[in-house]
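The chain contents come next:
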Amino acid sequence: MPEILQYHFVQRALIASVLGGAACGIVGVWVVMMRIPFVGVAMSHAAFAGAIFGLLLHINPLLMAIFFCLASTSLIGPIADRGDFDPNISIGIIFSIVLGIAFLGMGLMHGPKTEALNFIWGNILIISSHDVFLLLFITIIVIVCLLLFYKEIQAILFNRELARATGISETALFYCLLFLCGTTVTFNLNIIGGLLIFSLIVNPPSAAFQLTYNLRTMYVLSIVFGICSCLLGLFFSYMFDVPSGAVIIIVSSLIFGISLIFSPKRRVKKYEVSKA
Amino acid sequence: MKWEIAIKNATVSYRENIALKNISLNIKQGSFVAVVGPNGAGKTTLLTLINGLGRLQSGTIDIFGMRVNKKNINRIRKDIGYVPQHILIDPRMPISVYDVVMLGRCGRIGLFRNPGKDDHNIIDEVCEHVGITHLKNKPIGHLSGGEQQKVSLARALAQRPKILLLDEPTANLDPRAQNEIIDLIECIYKKESLTIIFVTHVLGQLPKVCSDAVLLKNGRIITSGSIHMVFTKELLSEVYDFAVEPPCMKMVG
């Protein structure tokens, strides 16, 4: 194993694992607590639609993917609030729109669509230094936002209406959270892929949720599980020569399964008749 | 007279339903006002109008002498404690009672600042006053309905509000928990000299310290004033559409 660490692509993959695991771990806590797990799928398809139109219009597909994602993510909150919907409905609407646009683009497009499809599948082993810097940038933004607005975010995760009633600018902060979720997904898409992102923002925080009644501990566990999923996934992928993305998903799912088994939240106190 | 809350010609509608129809109401500082009426009368809407959670379609609201608008609503909300009707809390929610009470300080502390020693002292004091000190480290989802309602009161008091809005705080509680909450509200009113607006549709649950009342029906104020004037058999029967005795009069009298 050590000799493989000399390769730059492996070093980049390891750094991306740590950064992606950490960013997705934090954002995942918001996603799980706000119960909007499909934000990942919606964003990956928005990126796919953007990339398709980028290729069609001869504009950089990554730029178009980011533009489509950011536009979609900035619409989730306002659509939910204006229509008086659950954010999940709003995400479903966005998902259907971007999927329609993606299919339209695919119908108009001739030739290979591999570059666009990369946004759905991704490949952590072929990422560039530029991608790693992009990932570092979004990870720092997410961590800084969490530290600066920790108490406000906690209030929003507990109850949006109560947060607003105490005088917090809840609507602006809620939209920012949704925007950050979407942006994190977007910046990770080209690197890890839409499907992997979905598992990384749902499985580690869900596992952490099973193990603690403390939000701070949930953030820490979620980050640790996210990073472990990526690193162990990469290791097993190298050991058994299998696709890294798939193994990362399996490892994160296993971590969730183990957490579920040992979850104190599932424990049931037994009543002993002799003590009665 | 300078009113603490002055609502003028306010109308609120939710899609097809007009929840409040051109109502006007003035509330003076330090009064304990009961808002009474049948289900769907617009009681909760009236409360959410005061703290800006409800959307005003027409009319004006002045609180602390300030005209409420989008720019100053967050500043005004910091002085208004709000206890909503029983909210559903996931029993596995990873947030402790202490954190929920601290949530009440969020607006006061402001952005980019962490709770200081004063804030922690206020939380300790409020928890002791409400009688939830022993529950501080428990997960919020593990508490009973009555305990959660006490936490909700503690959170609202942690704001150090000038106005306290209570939306059916005793709903869904057993008789003992109802009495505890009512005693607590009376104690808070006497100690803190707040303006309290207490929404209920059960007359028997009104605290003894209640001085004024507003009768609501179908989004309209039927009458308002001192409880002796408002809680008459005729008016209550008109509001509830069947003969209702005014039990509160006995309590207050």
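That block above? That's the structure.
Let us look at the structure shown here. (Residues numbered from 1 in each chain as written. Chains lettered and ligands numbered in written order. Predicted model: local features only at pLDDT ≥ 70, side-chain atom pairs only at ≥ 80, totals over all residues.)

### Some points on the overall build of chain B
Inclusion rule: Under the DSSP-based scheme used, a helix requires at least four consecutive residues in state H or I and a strand at least two consecutive residues in state E, with every element numbered from the N terminus. In this description the radius of gyration comes from C-alpha coordinates, and the expected globular size is given by 2.2 Å times residues to the power 0.38. Any residue whose C-beta has 12 or fewer other C-beta atoms within 10 Å is treated as exposed, any with 20 or more as buried, and any in between as partly exposed, C-beta atoms being built from the backbone. For the purpose of contact definition, each residue receives a C-beta atom placed from its backbone, and two residues are in contact when these atoms lie within 7 Å.
Counting its regular elements, chain B contains ten helices and ten strands. Relative to the 2.2 N^0.38 estimate, which gives 18 Å for 253 residues, the radius of gyration of chain B is 18 Å and therefore close to what a compact globule would have. Projected onto the principal axes, the alpha-carbon positions of chain B cover approximately 50 × 45 × 35 Å. Expressed as a percentage of the 253 residues in chain B, the buried residues total 43%. A separation threshold of at least 6 residues defines the contact pool for chain B, and within that pool the share at least 24 residues apart is 66%.

### Description of the interface of chain A and chain B
Facing the 22 residues of chain A at the interface are 21 residues of chain B. Going through the elements one at a time, α7 (150–158), α8 (160–165) and α11 (215–240) of chain A are the ones with two or more residues in the side of chain A that touches chain B. Top contributing element to the side of chain A that touches chain B by residue count: α7(A), with five residues.

### Details of the pairing of strand β8 (residues 195–200) of chain B
All names here are of chain B. The condition is simple: When DSSP locates at least two bridges between a pair of strands, those strands are taken to pair. When the strands point away from the viewer and the path from the first strand over the helix to the second turns clockwise, the crossover is right-handed.
Of all six residues in β8, six are buried; the element is thus mostly enclosed. Of the two faces of β8, the one carrying Thr-195, Ile-197 and Val-199 and the one carrying Ile-196, Phe-198 and Thr-200 are both buried. Of the strand pairs in this sheet, strand β3 (residues 32–36) and β8 are connected by five bridges, and their pairing is parallel. Bridge pairing links Val-35 to Val-199 in β8. With five bridges joining them, strand β7 (residues 163–167) and β8 adopt parallel strand pairing. Paired with Leu-165 across the bridge in β8 is Ile-197. Running through helix α7 (residues 175–192), the crossover from β7 to the neighbouring parallel element β8 is right-handed.

### Points about the nonpolar core
When a protein is soluble and globular, its nonpolar side chains tend to lie buried together. Where we set the bar: Any nonpolar core is a set of buried residues, restricted to Ala, Val, Leu, Ile, Met, Phe, Trp, Tyr and Cys, that join up through C-beta atoms within 7 Å.
Residues A:Val27, B:Val35, B:Val101, B:Ala154, B:Leu165, B:Phe198 and B:Ala213 are the most contacted members of the largest nonpolar core, which totals 162 residues. In terms of residue count, the dominant contributor to this core is helix α1 (residues 8–33) of chain A (13 residues). With near-sequence residues (within four places) excluded, B:Phe198 lies in contact with B:Phe32, B:Val33, B:Ala34, B:Val35, B:Leu166, B:Pro207 and B:Cys210.

### What about the packing of helix α2 (residues 39–56) of chain A against helix α4 (residues 87–108) of chain A?
All names here are of chain A. Under the convention used in this document: Note on definitions: angles span 0 to 180 degrees between N-to-C directions of axes, and those axes are lines fitted to C-alpha atoms, for helices only across the stretch in contact. Roughly parallel here means an angle under 35 degrees, roughly antiparallel means over 145, roughly perpendicular means 65 to 115, and every remaining angle is called oblique. Helix crossings fall into two classes, left-handed where the near helix is turned counterclockwise from the far one by less than a right angle and right-handed where it is turned clockwise. For this classification, the nonpolar set comprises Ala, Val, Leu, Ile, Met, Phe, Trp, Tyr, Cys and Pro, the charged set comprises Asp, Glu, Lys and Arg, and every other residue, Gly included, is treated as polar.
Running from N to C, α2 and α4 point in directions that differ by 25°, and their axes come no closer than 8 Å. Taken together, the axis directions place α2 and α4 in an arrangement best described as roughly parallel. Where α2 crosses over α4, the handedness of that crossing is left-handed. Residues Val-39, Val-41, Ala-42, His-45, Ala-46, Phe-48, Ala-49, Ile-52, Phe-53 and Leu-56 of α2 pack against Ile-91, Ile-94, Phe-95, Val-98, Leu-99, Ile-101, Ala-102, Gly-105, Met-106 and Leu-108 of α4. Its residues assigned to classes, the contact of α2 with α4 comprises 18 nonpolar, two polar and no charged.

### Digging into the environment of A:Arg12
Residues and elements named next belong to chain A. Position of Arg-12 relative to the elements: it lies in helix α1. Distance in space between the C-alpha atoms of Arg-12 and Asp-131 is 9.1 Å, their sequence separation being 119 residues. Those residues in contact with Arg-12, other than ones at most four positions away along the chain, are Ile-127, Ser-129 and Val-132.

### Looking at the sheet that holds strand β4 (residues 58–63) of chain B
Residue and element names in this part refer to chain B. The sheet built from four strands is open, its strands ordered β2-β1-β4-β5 with antiparallel pairing. The sheet is open, and its two edges are formed by β2 (17–27) and β5 (66–67), each paired on a single side. Here β4 runs beside β5; their pairing, made up of two bridges, is antiparallel. For Ile-63, the partnering residue across the bridge sits in β5 and is Met-66. Strands β1 (5–14), β2 and β4 of the sheet are contacted by helix α1 (residues 43–50), whose axis makes an angle of about 120° with β1.

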